[in-house]
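Descriptive analysis of the structure
Here is how the chains run, residue by residue.
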Amino acid sequence: MNTHKVLLTALLVPLGATLALAPAASAVTPPAPTAASAFAFAAPPVGPKEAVAAAFRSPEAALGRVAHPLRTTEPRGGLADLRPFGRMVGDARVVGLGEATHSSHEFLTVKHRILRYLVEEKGFRAFALEAPWSTGLRLDAYLVRGEGDLKQIMDEEFQGTYRWWNNAEYRDLLQWIRAYNVKHPDDPVRFVGDDGGFAGAELYDKVSAYAAAARPGLAPQLAELYRGLRPATDAETYVNDYLSKPMAERKELAERTGRAVDLLKQRPGTDADAHAWAVQHATAIHQMTTLFAFDWDDPRSVPDLMLYRDQIMAENVAWWQQQTGDKIMLAAHNGHIALKTYIPGAYPRVQGDFLRERLGGGYLSVGLTFDHGSFNAFGSDGAVHRFTVGPATPGTAEHTLNRVRYRDFVVDLRNAPAAARAWLAAPHTVKNIGATYPGIADAPQIRLSESYDAVIHLQQVEAARMLK
């Protein structure tokens, strides 16, 4: 198996891992600070009054006037300090919360804490994660009805580089949702898997069961179209075997699953809701086969592949929100939930861009940044390692954010003071750590005000506690 397939056969291809496929010439070298980003670090004027005025005009001082401190990054305890964040959320129906690494404790516990607030104070009733749609169904059944064993589900579903989600922090988050649902059985919090990297056996079973009950004549046709596709092994083995198939066969399988979706759409039953769910389950199968019909061995196909992946993740979140009416907290990498792509050459458009186009102000994008700390990621040897990065250097976004007067804080970029607007609109280097470290494009240049509605900045993070 060649280098590209080794990197991509994992179930999830996060931002950093995928970009490792790009030619070395595309590496991003952090540039020298621009005038817009460096003026805060220039020597102050001689006079004390001028020095005070200059400090007041600095972006960090301006942001400090509108930033709101976080009492803690841990999920338990009072939530009063999140009320300003609630005002930022407003009437948003989907809130995207990012992460600068896939496996740092504080990013995950902050998400848990904010989920608690959104559920208890803002009426949110779903948590979406970049995991397969079928994984979402298994976890949803456990969280809502207590079906299955959480450890077994996490071990079986969070494989490949979905393994980053098999951690103590997300286990605690899921246990909190389950406990909440036990107390609120008529108004539960749901789980949504929005990704297309795998289609579990339950999807085929649900589509077949619907057809047998509502449209018996379709059942034999669907069985033939799905022949040989229903997984009979663990997820990682299934994906590895699937990507070993000849390209012509993978394209033919995608064509077959597309015909299955069309058949279901053309023959609705009497139960409109049941029909909508069956079509969505069939669509999730087709999303996987379409994703795997791209030539993953050819770097030239990466932009189209990634464009498709982010588009379907957005479509799945939007579908759930429209179908159920649930307000959703969406968890993903900063690069996915952003309003604008970090690296247009490899990611032409991203999930947050599609959600803003579809939901308008109903989508809120919140980036999570940090100054220094540790995280888990694949090293150059393909094994999982714990990495540590030092404090941000002058000229980077994190260096300025770390000089805001609060240790950990949230700030609404949409109402930033004038003294901060030029800095927010200028390009700055940011930490962008995916599944593999170091990565070729781990330090892209972004304009914060074009990328996010709000930012949560943490001074320090520690590696998440992996369970397996």
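Refer to the structure above for everything that follows.
None of the values given here were measured: they were computed from a predicted structure.

**With respect to the overall build of the protein**
Assigned secondary structure in the protein consists of 21 helices and 11 strands. Each of the 468 residues in the protein was classed as buried or not, and the buried ones make up 59%. Taking the contacts inside the protein whose residues are at least 6 apart along the sequence as the reference set, 78% of them involve residues at least 24 apart.

**A look at the nonpolar core**
A general tendency of soluble globular proteins is for nonpolar side chains to be buried together. In terms of nonpolar packing, the biggest core is built from 84 residues, with Leu63, Trp133, Tyr226, Leu355, Leu448 and Tyr452 touching the most fellow members. Among the elements that make up this core, the one with the highest residue count is helix α16 (residues 302-324) (10 residues). In contact with tyrosine 452, not counting residues within four places along its chain, are Asn334, Ile337, Ala338, Leu339, Tyr342, Ser365, Val366, Gly367, Leu413 and Ile446.

**What about helix α8 (residues 133-145)?**
Across its 13 residues, α8 extends 18 Å between first and last C-alpha, which sits within 8% of the 18 Å expected from 1.5 Å per residue. Most of α8 is tucked away: 10 of the 13 residues are buried. Restricting attention to buried positions, one finds in α8 the residues Trp133, Ser134, Thr135, Gly136, Leu137, Leu139, Asp140, Ala141, Tyr142 and Leu143. Where α8 ends, the next residue or the one after it, glycine 146, has phi of about 75°, a positive value.

**Details of helix α9 (residues 150-157)**
Burial in α9 covers these residues: Leu150, Ile153, Met154, Asp155 and Glu157. Of the surrounding elements, those touching the buried residues of α9 are α8 and α10 (168-183). Its side-chain oxygen 3.2 Å from the backbone nitrogen of lysine 151, aspartate 149 forms the N-cap of α9.

**What to know about the pattern of salt bridges**
Counted according to the given criterion, the structure contains 26 salt bridges. Here aspartate 453 ties to arginine 356 by a salt bridge, and the two come within 2.7 Å at their closest N and O atoms. Taken together, the positions of aspartate 453 in the loop between α21 (448-451) and β11 (454-461) and arginine 356 in helix α18 (residues 351-359) put the pair 97 residues apart, joining distant regions of the chain. Aspartate 453 gets classed as buried once you look at its relative accessible area, which sits at 5%. By relative accessible area, arginine 356 is classed as partly exposed at 27%. A salt bridge links arginine 386 to glutamate 462, with the shortest nitrogen-to-oxygen separation between them at 3.0 Å. Taken together, the residues arginine 386 in strand β7 (residues 384-389) and glutamate 462 in the segment after β11 connect sequence positions 76 residues apart. Arginine 386 sits in the exposed class, given a relative accessible area of 52%. Taken together, the salt bridges that share partners define one network made up of Glu130, Asp195 and Arg309.

**Observations concerning the packing of helix α11 (residues 201-214) against helix α15 (residues 272-291)**
At a closest axis distance of 9 Å, the pairing of α11 and α15 adopts a crossing angle of 140°. Comparing the axis directions of α11 and α15 gives the class oblique. Taken as a pair, α11 and α15 cross one another with a handedness that is left-handed. Along its contact with α11, which presents Leu203, Tyr204, Lys206, Val207 and Tyr210, the element α15 presents Ala274, His275, Ala278, His281, Ala282, Ala284, Ile285 and Met288. Residue composition of the contact of α11 with α15, by class: 10 nonpolar, 2 polar and 1 charged.

Conventions adopted
Residues numbered from 1 in each chain as written. Predicted model: local features only at pLDDT ≥ 70, side-chain atom pairs only at ≥ 80, totals over all residues. Heavy atoms only, no water. Helix = DSSP H or I, 4+ residues; strand = E, 2+ residues; numbered from the N terminus. Buried < 20%, exposed > 50% of the residue type's maximum accessible area, 1.4 Å probe, protein only. Contact = heavy atoms within 4.5 Å. Core = buried A, V, L, I, M, F, W, Y, C linked by side-chain atoms within 4.5 Å. Expected span 1.5 Å × (residues − 1). Polar contact = N/O pair within 3.5 Å; in protein donor to acceptor, adjacent residues only side chain to side chain. Salt bridge = Lys/Arg side-chain N within 4 Å of Asp/Glu carboxyl O. Axes fitted to C-alpha atoms, helices over the stretch in contact; angles between N-to-C directions. Parallel < 35°, antiparallel > 145°, perpendicular 65-115°, else oblique. Left-handed = near helix turned anticlockwise from the far one by under 90°. Nonpolar A, V, L, I, M, F, W, Y, C, P; charged D, E, K, R; others polar.

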